[in-house]
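# Working through the structure, step by step
Here is how the chains run, residue by residue.
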Amino acid sequence: MPKISVIIPVYNVEKYLPQALESVINQTFSDLEIICVNDGSTDNSLKILEEYAQKDERIIVFSQKNQGVSSARNKGLDNAQGEYIMFLDPDDTYDLTLCEKVVDKIAIENPDIVMWGHNTVLKTEVKSQGCYIKNLRTLSKEKATLLDQLKIQVYVWDKAFKLSFIKNNEITFPIGIKNAEDLIFCIISYYCSPKYSFIPESLVNYSDGRYGAATQKFANCIKNDFDAYKFLCSSKIYQRQNIDIKIATTNHFLGGSIFYWRTVQDKEIKNQYSQDIKVFLDYIKKQFNTLELFEMSNYRKLKHLLFKYQNRKFISLFAVKKNLFLF
């Protein structure tokens, strides 16, 4: 049984795939299996996978009709044999020492989840996420709580999960959810009271600008996050959480909407976002009372951003500068 299974979902990434694979097969720790799930690619991605599999027996290739990243990752989970599971998106890369450092943590602390930091890569610029590293450094010195975890970034490619923990809690990626499938997977994992370990180093290079990546299809991002949030709210494990956890979870989801709002420049999409945010906030308003809503900093920010956008002509004309948070 390999120590680590690395799961890579693959869909039309022929330009990036070799670099991602090289970053895994050249790890300083070699007891790996590399599960690549070709999700109906129409370019040369499958050919590249097969060529690499011929050269490295640790690479296992599955191929299926296009069903989305959740289905591809679940396929990997169903077939993984490793003690721990790691995920890599095919346009990202690992630091070559990542797996070795993860195994060192496992040997000492035997956690359910190991977390590390990442660099953000935009074209040729590489930027370390220093604030996130600082948070990890703090958490590594303390006993991390669920509320702590809900205040930091939630991805699957900056974590290793013990496979038995995932299987015992029946955690899978939600089918039919776009953009935020990893958010749901991680949050449900956190709800299951795992034991954490932290590596306060940037050990993944995350590509933030690939053309065609899901997060770059801006038009439906907020709507997709809203659909994911409703999916989570309907789950029994969310409904069992106390009000503080529900507030923190909701606040985390709304943080994504703020990011998309501030990132997009297209006026048509901006107009659509204003409508999507209104629907999202109206839904949340029905789930919490006024005091609980006030505890959500991102709810207040979105109310303010929405007010400013819908009244921008009035604000510009009269130079209104007060922050109005309307519940």
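The text that follows walks through the structure, step by step, so that each part is easy to find. (Residues numbered from 1 in each chain as written. Predicted model: local features only at pLDDT ≥ 70, side-chain atom pairs only at ≥ 80, totals over all residues. Heavy atoms only, no water.)

Per the secondary structure count, the protein chain includes 15 helices and nine strands. The buried share of the protein chain, reckoned over its 327 residues, is 52%. Long-range pairs, those at least 24 residues apart, make up 79% of the contacts in the protein chain between residues at least 6 apart in sequence. Carbon and sulfur atoms make up 50% of the accessible area of the protein chain, which amounts to about 16,300 Å² in all. (Helix = DSSP H or I, 4+ residues; strand = E, 2+ residues; numbered from the N terminus. Buried < 20%, exposed > 50% of the residue type's maximum accessible area, 1.4 Å probe, protein only. Contact = heavy atoms within 4.5 Å. Areas by Shrake-Rupley, 256 points an atom, 1.4 Å probe, with all protein chains shown as cover.)

Taken together, the buried positions of helix α2 (residues 45-55) are S45, I48, L49 and Y52. One face of α2 carries all of its buried residues, which in axial projection span an arc of 100°. Facing away from the buried side of α2, by more than 90 degrees, are the exposed residues K47 and Q54. Buried-residue contacts for α2 involve β1 (4-10), α1 (17-25), β2 (32-39) and β3 (59-64). (Arc of directions from axis to C-beta.)

This part takes up the pattern of salt bridges. If you walk through the whole model with that rule in mind, you get ten salt bridges. For R58, the salt bridge identified is with D56, shortest N-O distance 2.8 Å. The class of R58 is buried, set by a relative accessible area of 18%. The buried category is assigned to D56, whose relative accessible area is 13%. With a closest N to O distance of 2.8 Å, R73 and D89 form a salt bridge. Separated by 16 residues along the polypeptide, R73 in helix α3 (residues 69-79) and D89 in the loop between β4 (84-87) and β5 (93-94) bring together distant segments of the chain. A relative accessible area of 2% places R73 in the buried class. Residue D89 is classed as buried on the basis of its relative accessible area of 16%. (Salt bridge = Lys/Arg side-chain N within 4 Å of Asp/Glu carboxyl O.)

What follows is about the pairing of strand β6 (residues 113-122). With respect to burial, β6 is a largely interior element, nine of its ten residues being buried. As defined by bridge partners, β6 adjoins strand β9 (residues 196-207) across nine bridges and the pair is classed as parallel. Following the sheet pairing, H118 is matched in β9 by V204. (Pairing = 2+ DSSP bridges.)

Once that is clear, we can look at the packing of helix α8 (residues 181-191) against helix α11 (residues 243-263). Viewed as axis vectors pointing N to C, α8 and α11 meet at an angle of 160°, and their least axial separation amounts to 12 Å. As the angle between them shows, α8 and α11 are arranged roughly antiparallel. As α8 runs across α11, the sense of the crossing is right-handed. Residues L183, I184, I187 and Y191 of α8 pack against I245, T249, H252 and F253 of α11. Classifying every residue of the contact of α8 with α11 gives six nonpolar, two polar and no charged. (Axes fitted to C-alpha atoms, helices over the stretch in contact; angles between N-to-C directions. Parallel < 35°, antiparallel > 145°, perpendicular 65-115°, else oblique. Left-handed = near helix turned anticlockwise from the far one by under 90°. Nonpolar A, V, L, I, M, F, W, Y, C, P; charged D, E, K, R; others polar.)

To continue, consider the pairing of β3. Two faces, one strand: in a regular strand the side chains alternate between the faces of the sheet. Bridging between β2 and β3 involves six bridges; their strand directions are parallel. Residue pairing in the sheet places C36 in a bridge with V61 of β3. For the segment spanning β2, α2 and β3, crossover handedness is right-handed. (Right-handed = clockwise from strand over helix to strand, strands pointing away.)

Moving on to the environment of A248. Looking at where A248 falls in the secondary structure, it is placed in helix α11. Judged by its relative accessible area of 14%, A248 is buried. Residues in contact with A248, not counting those within four places in the same chain, are L147 and L150.

A word on the packing of α11 against helix α12 (residues 267-285). For the pair α11 and α12, interaxial distance at closest approach is 11 Å and the crossing angle is 170°. The angle between the axes of α11 and α12 places the two elements in the roughly antiparallel class. Residues T250, F253, L254, S257, Y260 and W261 of α11 pack against K270, Y273, S274, I277, F280, L281 and I284 of α12. For the contact of α11 with α12, the class distribution of residues is nine nonpolar, three polar and one charged.

By themselves, these figures tell us nothing about what the structure is for.
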